[in-house]
Amino acid sequence: MPLSDEEARLLHQLEQSLAAEDPDFASTLRGAKFMARNRRVAVLAALGFIAGLAVMFSGVVSKMTWLGVIGFLAMVGTAFVFSQAWRRGIGGRDEQTTVPSAPRGRQQKSSGSFVDRMEERWQRRRDGDGI
């Protein structure tokens, strides 16, 4: 049975708050599928770069400038796609897992476990202090 719109929205909010609270744990949960997709994109981008290089050289050899330009543009585009895949999942962190600054000038605690932080947030909500 599929999730209702409200349930899907709540699940999405939970995922975002988990990524904001504990980026390392969230990236561990994202794990294999996310890394495999980025690896596949990076390999395809590398193959596209090589194909663009071949098209560019064939344009230079055949003295067709427009073909060389197309090959060069293909190389630049696939290099960009490769760098994005590398930054997102292969060589670096995902930009969505950056921790936002604390609201209204509050300082976020760097110590304590995930459960402790969730309990503190729950207490603040119950006391009417908000997040």
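Residues numbered from 1 in each chain as written. Predicted model: local features only at pLDDT ≥ 70, side-chain atom pairs only at ≥ 80, totals over all residues. Heavy atoms only, no water.

Moving on, we come to the overall build of the protein chain. Across its full length, the protein chain holds four helices and zero strands. Going from the N terminus to the C terminus, the protein chain shows its helices and strands as α-α-α-α. The 131 residues of the protein chain split such that 18% are buried. For the protein chain, contacts bridging at least 24 residues in sequence account for 55% of all contacts bridging at least 6. Only carbon and sulfur atoms are counted for the fraction: they give 64% of the accessible area of the protein chain, which is about 9,800 Å². (Helix = DSSP H or I, 4+ residues; strand = E, 2+ residues; numbered from the N terminus. Buried < 20%, exposed > 50% of the residue type's maximum accessible area, 1.4 Å probe, protein only. Contact = heavy atoms within 4.5 Å. Areas by Shrake-Rupley, 256 points an atom, 1.4 Å probe, with all protein chains shown as cover.)

With that settled, the discussion passes to unusual backbone geometry. Phi is positive for Lys63, which is not a glycine, with a value near 60 degrees. Considering the arrangement of structural elements, one finds Lys63 in the loop between helix 2 (23-61) and helix 3 (65-90). Residue Lys63 is classed as exposed on the basis of its relative accessible area of 75%.

Moving on, we come to the packing of helix 1 (residues 5-21) against helix 4 (residues 114-126). Two numbers describe how helix 1 lies on helix 4: the axes approach to 11 Å, and their chain directions differ by 120 degrees. Overall, the two elements helix 1 and helix 4 adopt an arrangement that is oblique. The crossing of helix 1 and helix 4 is right-handed. Across from Ser17, Leu18 and Glu21 in helix 1, the residues of helix 4 making contact are Phe114, Arg117, Met118 and Arg121. Counted by class, the contact of helix 1 with helix 4 contains three nonpolar, one polar and three charged residues. (Axes fitted to C-alpha atoms, helices over the stretch in contact; angles between N-to-C directions. Parallel < 35°, antiparallel > 145°, perpendicular 65-115°, else oblique. Left-handed = near helix turned anticlockwise from the far one by under 90°. Nonpolar A, V, L, I, M, F, W, Y, C, P; charged D, E, K, R; others polar.)

For helix 4, built from 13 residues, the straight-helix expectation of 18 Å at 1.5 Å per residue is met to within 8% by its first-to-last C-alpha distance of 19 Å. Positive backbone phi, at 85 degrees, marks Gly128, one or two positions downstream of helix 4. (Expected span 1.5 Å × (residues − 1).)

Taken as a whole, the protein chain shows an average pLDDT of 78; of its residues, 75% reach a score of 70 or greater. Taken as a whole, residues 93-102 scores under 50 in pLDDT and shows 22 contacts with residues more than four places along the chain or in a different chain. (pLDDT = per-residue confidence, 0-100.)

The next subject is the environment of Val69. Turning to its location among the elements, Val69 is positioned in helix 3. As a C-alpha pair, Val69 and Met56 span 13 residues in sequence and 6.7 Å in three-dimensional space.

Take Gln84: it is sitting in helix 3. Using a relative accessible area of 19% as the deciding quantity, one classes Gln84 as buried. Within the structure, Gln84 has its side chain in polar contact with the side chain of Arg87 (distance 2.7 Å). (Polar contact = N/O pair within 3.5 Å; in protein donor to acceptor, adjacent residues only side chain to side chain.)

All right, on to the environment of Met75 then. Mapped onto the secondary structure, Met75 falls in helix 3. Since its relative accessible area comes to 11%, Met75 is described here as buried. Once the C-alpha coordinates of Met75 and Ala51 are considered, the two residues, 24 residues apart in sequence, prove to be 8.0 Å apart. In this view, Met75 contacts Phe49, Gly52, Leu53 and Met56; residues no more than four positions away in its chain are not counted.

So, on to the pattern of salt bridges. In this structure the tally under the stated criterion is three salt bridges. When the shortest N-O distance is used, the salt bridge between Arg9 and Glu6 registers 2.5 Å. On the criterion of helical spacing, the pair formed by Arg9 and Glu6 is a turn pair, its members being three residues apart in helix 1. The exposure class assigned to Arg9 is partly exposed, which follows from its relative accessible area of 40%. (Salt bridge = Lys/Arg side-chain N within 4 Å of Asp/Glu carboxyl O.)

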